[in-house]
Amino acid sequence: MRPAACAERSHSSPEPGPPMRASSAELTGVALALIGRDGHRALSSAERREAARAPRVSPAIVASVRAAIEQGEDPLGEAFCRLHSPEARRPLGATYTPRPLIQSMLEWAARREPVRVVDPGAGSGRFIVAAGRRFPRAELIAVELDPRAALLLRAHLHAAGLAERARVVVGDYRELHLPSVEGPTLFVGNPPYVRHHGIEARWKRWLTRAAARLGLPASRLCGLHAHFFAATALLSRPGDFGAFVTSSEWLDVNYGAFVRALFLDALGGTSLHLLEPTVRPFPDAETTAVVSCFEVGSRAPSVRLRRVSALAELGALAGGRPVARARLERAPRWTPLTRGRLARPAGCVELGELCRVHRGQVTGANAVWIAGPHAAGLPDAVLYPTVTRARELFAAQGALLDLGVLRRVIDLPEDLDAFSGSERAAIERFLRKARALGAHEGFIARHRRVWWAVGLRAPAPILATYMARRPPAFVRNPRGARHLNIAHGLYPRVSLSAGALDALAAYLARSVALHQGRTYAGGLTKFEPREMERLLVPDPDALERMALEPTSTLRRRARAAG
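Residues numbered from 1 in each chain as written. Predicted model: local features only at pLDDT ≥ 70, side-chain atom pairs only at ≥ 80, totals over all residues. Heavy atoms only, no water.

Student: Provide a residue-level description of the overall build of the protein, including the pertinent values.
Tutor: Counting secondary structure elements, the protein contains 21 helices and 21 strands. When each of the 562 residues of the protein is scored for burial, the buried share is 53%. Expressed as a percentage of contacts within the protein between residues at least 6 apart in sequence, the contacts between residues at least 24 apart total 76%. Summed over its atoms, the accessible surface of the protein is roughly 24,600 Å², and 52% of this surface lies on carbon and sulfur atoms. Taken together, the 79 basic and 52 acidic charged side chains of the protein have centroids lying 2 Å from each other. (Helix = DSSP H or I, 4+ residues; strand = E, 2+ residues; numbered from the N terminus. Buried < 20%, exposed > 50% of the residue type's maximum accessible area, 1.4 Å probe, protein only. Contact = heavy atoms within 4.5 Å. Areas by Shrake-Rupley, 256 points an atom, 1.4 Å probe, with all protein chains shown as cover. Lys, Arg positive; Asp, Glu negative; His and termini not counted. Charge placed at Lys NZ, Arg CZ, Asp CG, Glu CD.)

Student: Tell me about helix α20 (residues 540-547), residues and numbers included.
Tutor: Within α20, burial applies to Ala542, Leu543 and Ala547. The buried residues of α20 all sit within an arc of 145° when viewed along its axis, so they share a single face. Exposed positions of α20 whose direction lies more than 90 degrees from the buried face are Asp541 and Arg545. (Arc of directions from axis to C-beta.)

Student: Run through the sheet that holds strand β17 (residues 482-483), naming residues and quoting values.
Tutor: Strand order in the open sheet formed by 3 strands is β13-β12-β17, and the pairing between neighbours is mixed. Edge strands, defined here as strands with exactly one partner in the open sheet, are β13 (407-410) and β17. (Pairing = 2+ DSSP bridges.)

Student: I'd like to hear about the pairing of strand β6 (residues 269-275), residue by residue, with values.
Tutor: Among the 7 residues that make up β6, 7 are buried, leaving the element largely enclosed by the rest of the structure. Direction of pairing for β6 relative to strand β7 (residues 290-295): antiparallel, over a ladder of 5 bridges. Within β7, the position partnered with leucine 272 by the bridge is serine 292. In terms of strand pairing, β6 meets strand β8 (residues 302-308) through 5 bridges, oriented parallel. Across the sheet, the residue bridging to leucine 272 is leucine 305, located in β8.

This is the structure we're talking about:
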């Protein structure tokens, strides 16, 4: 991520001046003027290429920007964000951190006096400049891959009067070398967030080698922030310390096991401060956030975990409930531990004791297997009304009663000999079209017993969404719709009456909260089947009693429709 927002300020910050309006070249010109002729000698070759296109700018603009920086603002970074959209900055994971986050992280760090501060993804210099002001004797090292941002970073340091004790490294943090120093180094910042799809193969190989040096396995599905945790573990020495703000997905996802192990061991994690998924800490990025604090060499018996519902609650990153290190080492997911252990209420059981939860079928090629004009003439017997979009369940409001609103999925049997005449001819025409579209060559099709048999699951009495920015919808399915892999089906293990199933769906719909799933960087919360099975629900006797209560709205609707 280098999560970040481009314009958020704390209430105590000075009143901002008008935003700087400039083209990209003019912004570079302002940066060069702030750096000054003497500072130009330190520019990297990539920065020099950027500088060659810069025009001269008005001294009045330069003076205005310098004054804003002296007051604690970041006009260069804000202008950069306006010029380059979040989409344009996404390949490098560049979003810029809001001031309240920076203040909290540095307030935590100020309990010790570092001799050196390292920002691994410095952007326009918000962290490193704030750290330079907070620690007046520390050497400052700022690493930035983008030469455009690096020029702004240098200008920010010069205008803040920090350039003489700062070193700007225009390059990749994973290639950084740090000489030994007497005293602790503070690693602080916002490592860039890039999903594994955007990471080059050579860097995935680097992670494998780095993880081996650390004595850990690492998945090549790791996002870029995992690489930065690994690089920090390799660069740091006992006594060093740090705080990073990243997406919180590593707390729960499978690849995050590598980061969790690094945090506990090589980095000496001491506390985690998780922002609720409903908080948007970075206005220009749909992402979650957690602040990870660590002290290299620490082996405290517990780690403090805390949840906050607003940036203003972060404070100095104190507080939180202690969770035993051994428990964290065993846990496959950490987000649930931030809420503490919940006692099982009397009369409640896990959903998995009542129902198996199965994700719907994967077609491998929805454009082929969801019926459209290409399916004309197919017999109704192979066309199944199917939930193919999560919004169909959200719109159902508790009960899916009208199958006519659903698309139909083509599910042919493995043995086609049951069809003859015009039906068999229509099926053969369809299969020729499907072959022409390559449906028989896809990964899913090649791993079926016969490529044309999608194999829809039997209708589930209750259907549930499992990925959204809102709690799941739990919907009764009395008409027997099938479902694709955008939904889960709940299949009873025990005998439950129709009324008890109504009561179960209604209970789940009103009781399940967003925080019970795992939240990913884009703010989406996901409930895997086994996680959904761990939800607590009334036992069968209680459900049957609930079924005898005054007729629910859901049951009235079902009766009216039937």
